[in-house]
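# Summary of structural features
Residues per chain are reported as follows:
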Amino acid sequence: MPRTVEVAVEPLSASTFGPFGTIVGAVSGPPALDWGTLQTWMTPCDVDGPTQMTLCRYRREPVEWSRMERHLGVTQAFLPLGGVASVMVVAPPSDPADRTALPPPERVRAFHMDGTVGVVLYRGTWHALRRFPVGAPLIDIVLLTGRDTQAELERQARDGSLPALTHEADYASVHGVTFRAAGL
């Protein structure tokens, strides 16, 4: 029987989320473009190949998980719609050559996203397979990812084929651990 590790849900900030990615919507510094009534700020987004934009709907469920994944050929942006709060679970990148090189369980972090900003995960950042809505029955999130990465995941769901661009691992199998969010 796996042991359950409680992960404290932390507020999302540039400094606390910095090892995993960047925040989208938290404006800082001068704009890259300033045309009077239009200002733009650049956010890193890096994809090997064509980009895919997908609308993802996550229904409310207990904030518990054991499986995580990472993507080696793409950063991924998760942009919430409708102002719904959610929990984003991440862990730092590990050896990209080892499909099961999960960070130790104590390195897994959970962040409260208030629904007004999104995040871009760096390449190789581990993340839970789900986003967890808080205080609402569901959340819609726009996902910007690589088209090839998304196609591989859809193929895996259909026929079980192992993707090359995504590594998925189960902490319950590797470390005998499941996780539950604490402090919601």
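Please refer to the structure placed before this passage.
Reading the values: the criteria
Residues numbered from 1 in each chain as written. Predicted model: local features only at pLDDT ≥ 70, side-chain atom pairs only at ≥ 80, totals over all residues. Heavy atoms only, no water. Core = buried A, V, L, I, M, F, W, Y, C linked by side-chain atoms within 4.5 Å. Buried < 20%, exposed > 50% of the residue type's maximum accessible area, 1.4 Å probe, protein only. Helix = DSSP H or I, 4+ residues; strand = E, 2+ residues; numbered from the N terminus. Contact = heavy atoms within 4.5 Å. Phe/Tyr/Trp six-rings, centres within 6.5 Å; stacked < 30°, edge-to-face > 60°. Lys NZ or Arg CZ within 6 Å of the ring centre and 35° of its normal.

## Comments concerning the nonpolar core
Trp65, Met68, Val89, Val108 and Phe179 are the most contacted members of the largest nonpolar core, which totals 20 residues. Those elements giving two or more residues to this core turn out to be strand S1 (3–11), strand S9 (85–91), strand S12 (126–128) and strand S16 (177–182). Setting aside chain neighbours within four positions, we find Val89 in contact with Trp65, Met68, Val108, Arg109, Ala110, Trp126, His127, Ala128 and Phe132.

## Comments concerning the packing of aromatic side chains
Applying the stated criterion across every chain yields a total of six aromatic pairs. Their ring planes at 85° and their centres at 5.2 Å tell us that Phe17 and Phe111 sit as a pair that is edge-to-face. Linking Phe17 in helix H1 (residues 14–17) with Phe111 in strand S10 (residues 109–113), this pair joins segments that are 94 residues apart in sequence. Using a relative accessible area of 0% as the deciding quantity, one classes Phe111 as buried. Ring centres 5.0 Å apart and planes at 85° place the aromatic pair Tyr171 and Phe179 in the edge-to-face group. Neither Tyr171 nor Phe179 differs from the other in exposure class; each is buried. For the cation-ring pair, Arg131 lies above Phe78, with the distance from its terminal atom to the ring centre recorded as 4.4 Å.

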